[in-house]
Amino acid sequence: MRLILLGPPGAGKGTQAVSISEKYKIPHISTGDIFRYNIKMQTELGKKAKGYMDQGLLVPDEVVVEIVEDRLKNQDCKAGFLLDGFPRTVNQAKALEAVLSKMNTGLDKVVNIEVDKDILVQRAVGRRICKNCGATYHVEFNPPEKSGICDKCSGELYQRDDDNEKTVGKRIEVYVEETKPLIDFYREKNKLVTIDGKNDINIVFDEIIEALEGNSL
Ligand code: AP5
Ligand code: MG
Ligand code: ZN
């Protein structure tokens, strides 16, 4: 399965990606996670990306495309992959098409998760992530058993630097301007399935699987 997860900041892409990649045994490739890892490791790439991310802006296309192209050449992508947060501009989508066609392959589906703006801000601002294993929680909608501690590994939970109200607002604006056009782009290619992301995490997951496997609800 070769999939893209599309949706605004806080829509639930990362949350659903974990379950989808487990189910289909395909790698979960999040460009946001790749940048955050590089920031933590203080690499050149991390230094380049940080300024854009802190302002809620997109990292330039050429930087992102090169990273994804390299990643897709890995052996573990032979049987499929799940892209989370890439592509994010029409330019990136076209570059991805070129990369996949060079590899003699193409996309199966693009899953578009839709959520209203007011819920997005609430979700992003309340998000907490495990420093150790990366598991994602929400202080209200998906709280850990013990506040501030990961259920899975007892790691400490932290808040992303870009998860404050101001930056989330900017990220949503950037999404509307630069990323939303991809909905039409993939609809025209008959790849798009749209899922209502307002529901509970488990319901959203079930609906994604139904949509991918072609059964009507
Ligand atoms: P990235 O890390 O991709 O962030 P994003 O797109 O803004 O999306 P988020 O990770 O905030 O949201 P999500 O949809 O994954 O939601 P989650 O599942 O965590 O990108 C960050 C930055 O990197 C960008 O701003 C940009 O600078 C740069 N970047 C990355 N890719 C790039 C690219 N291709 N080009 C250029 N720049 C790029 O859920 C959010 C919260 O809600 C969690 O707390 C979760 O527990 C909760 N939640 C999830 N689902 C539900 C539900 N159904 N009900 C209730 N709560 C829920
Ligand atoms: Mg995410
Ligand atoms: Zn953990």
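Residues numbered from 1 in each chain as written. Chains lettered and ligands numbered in written order. Predicted model: local features only at pLDDT ≥ 70, side-chain atom pairs only at ≥ 80, totals over all residues. Heavy atoms only, no water.

A.B. asks: Lay out the coordination of the zinc ion (ligand 3) with the relevant residues and their values.
C.D. replies: Only Cys130 (SG), Cys133 (SG), Cys150 (SG) and Cys153 (SG) from the protein reach the zinc ion (ligand 3) as donors, at distances of 2.3 to 2.4 Å. In this structure, the zinc ion (ligand 3) is coordinated by 4 donor atoms arranged in tetrahedral fashion, with angles at the metal of 96 to 116°. Look at where the donors of the zinc ion (ligand 3) fall in the sequence and you get C-x2-C-x16-C-x2-C. Its relative accessible area of 28% is what places Cys153 among the partly exposed residues. (Donors = N, O, S within 2.8 Å, 3.2 Å for Na, K, Ca; no water. Tetrahedral: all angles 85-135°; square planar, octahedral: opposite > 155°, others 65-115°. Buried < 20%, exposed > 50% of the residue type's maximum accessible area, 1.4 Å probe, protein only.)

A.B. asks: Describe the pairing of strand 4 (residues 109-114), listing the residues and the values that go with them.
C.D. replies: Note: strand 1 (residues 2-6) against strand 4, 4 bridges, orientation parallel. Residue Leu6 lies in a different strand from strand 4, and its bridge partner there is Asn112. As paired elements, strand 4 and strand 8 (residues 192-196) share 5 bridges and run parallel to each other. By the bridge assignment, Glu114 is partnered in strand 8 with Asp196. (Pairing = 2+ DSSP bridges. Helix = DSSP H or I, 4+ residues; strand = E, 2+ residues; numbered from the N terminus.)

A.B. asks: Run through empty space enclosed by the protein, naming residues and quoting values.
C.D. replies: Summed over all chains, the structure comprises 1 cavity of 30 Å³ or more. Taken as a whole, the largest cavity encloses approximately 30 Å³ of empty space. Val65, Val68, Glu69, Leu72, Phe86, Gln92, Ala95, Leu96 and Val99 are the residues that line the largest cavity. If you list the elements that add at least two residues to the lining of the largest cavity, you get helix 4 (61-72) and helix 5 (90-102). Of the residues contributing to the lining of the largest cavity, the split by class is 7 nonpolar, 1 polar and 1 charged. (1 Å grid on protein atoms, 1.4 Å probe; cavity = no way out; pocket = protein on both sides within 12 Å on 5 of 7 lines; lining within 4 Å. Points joined across faces, edges and corners; volume = space filled by probe spheres on them. Nonpolar A, V, L, I, M, F, W, Y, C, P; charged D, E, K, R; others polar.)

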